[in-house]
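Listed below are the residues making up each chain.
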Amino acid sequence: MRPDWDHYFMEITEVVAKRSTCLRRQVGAVIAKDKHILASGYNGAPSGLAHCAEVGCLRENLSIPHGERHELCRGIHAEQNAIIQAAYHGVSIRGATLYTTTFPCVLCAKMLVNAGITRIVYQGNYPDNLAKEILNEAKIELIHFRCENVKEG
């Protein structure tokens, strides 16, 4: 069966996540509007810097739980990289949908609000209640994606 648009873009996020250089969690993000991809991103070290596989993961070495002490990570989140890619190429993402393999953290949530994202389709959860509160307060539509049923569309 032909996938609907949410299934289509979510499948693409899984391919994007394969480019991740993070040792703890591979995340992919796609920003789409009007059935077109505007930008994509995956989590990992900034361009030109050594990847975590080369220098190690400080958060892992310190046993820092997921969702805490983001400032100790040398990587950029997938959502942040997608926003940066759009800005770098002069593409407005206002009114777009973010598709992501993992629910955004609070840092990404605040950026997504200010970038004008109106809908987030996510697959996996992330332990960050403040992110959910901020996105709900901003009235961003949140869709927990489950891939069991492929809808034709």
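Peer 1: Even after reading the chapter, I still don't get the packing of aromatic side chains, so can you show me in this structure?
Peer 2: Note on aromatic pairs: each is described by the distance of the centres and the angle between the planes. Under the criterion given, the structure shown has 5 aromatic pairs. Ring geometry for Phe9 and Tyr99: centres 5.1 Å apart, planes at 40°, overall tilted. Taken together, the residues span a long stretch of sequence, with Phe9 in helix 1 (residues 5-17) and Tyr99 in strand 3 (residues 97-102) at a distance of 90 residues. With respect to burial, Phe9 and Tyr99 carry one shared label: buried. Ring centres 4.7 Å apart and planes at 85° place the aromatic pair Phe103 and Tyr122 in the edge-to-face group. Of this pair, Phe103 sits in the loop between strand 3 and helix 5 (106-115) while Tyr122 sits in strand 4 (residues 119-124), and the two are 19 residues apart along the sequence. In this pair, the class of Phe103 matches that of Tyr122, namely buried. Each residue in the set Trp5, Tyr8, Phe9 and Tyr99 is aromatic and connected to the rest through ring pairs, giving one cluster. Between Lys132 and the ring centre of Phe103, over which it is positioned, the NZ or CZ distance is 5.0 Å.

Peer 1: Help me out: how do you make sense of the sheet that holds strand 5 (residues 141-144) in this one?
Peer 2: Hydrogen bonds between backbone groups are what pair the strands of a sheet, and the pairing can be parallel or antiparallel. Across the sheet, 5 strands lie side by side as 2-1-3-4-5; this open sheet has mixed pairing. Of all the strands in the sheet, just strand 2 (36-42) and strand 5 have a single pairing partner and so form its edges. On average, adjacent strands in this sheet sit at an angle of 20° to one another, irrespective of strand direction. Examined bridge by bridge, strand 3 and strand 4 share 5 bridges and lie parallel to one another. Residue pairing for strand 4: Thr97 is matched across the bridge by Arg119.

Peer 1: Whenever I open this one, the environment of Asn43 confuses me. Can you help?
Peer 2: Tracing the backbone shows Asn43 in the loop between strand 2 and helix 2 (52-55). Overall, the relative accessible area of 8% leaves Asn43 in the buried class. The spacing of Asn43 and Ala138 is 95 residues in sequence and 24 Å in space, taken between C-alpha atoms. Setting aside residues no more than four positions away along its own chain, Asn43 makes contact with Ser20, Thr21, Cys22, Arg25, Gln26, Val27, Ile76, His77 and Ala78. In terms of polar contacts, Asn43 uses its side chain to reach the side chain of Ser20, at 2.8 Å.

Peer 1: Sorry, what's going on with the state of the cysteines here?
Peer 2: For the coordinates displayed, the defined rule picks out 0 disulfides. Here Cys73 stays free of any disulfide, with the sulfur of Cys52 as its closest cysteine sulfur at 5.8 Å. You can see Cys108 has no disulfide; the closest cysteine sulfur is in Cys105, sitting 3.8 Å from it. For Cys108, a relative accessible area of 1% corresponds to the buried category.

So, how was this worked out
Residues numbered from 1 in each chain as written. Predicted model: local features only at pLDDT ≥ 70, side-chain atom pairs only at ≥ 80, totals over all residues. Heavy atoms only, no water. Phe/Tyr/Trp six-rings, centres within 6.5 Å; stacked < 30°, edge-to-face > 60°. Helix = DSSP H or I, 4+ residues; strand = E, 2+ residues; numbered from the N terminus. Buried < 20%, exposed > 50% of the residue type's maximum accessible area, 1.4 Å probe, protein only. Lys NZ or Arg CZ within 6 Å of the ring centre and 35° of its normal. Pairing = 2+ DSSP bridges. Axes fitted to C-alpha atoms, helices over the stretch in contact; angles between N-to-C directions. Contact = heavy atoms within 4.5 Å. Polar contact = N/O pair within 3.5 Å; in protein donor to acceptor, adjacent residues only side chain to side chain. Disulfide = S-S within 2.5 Å.

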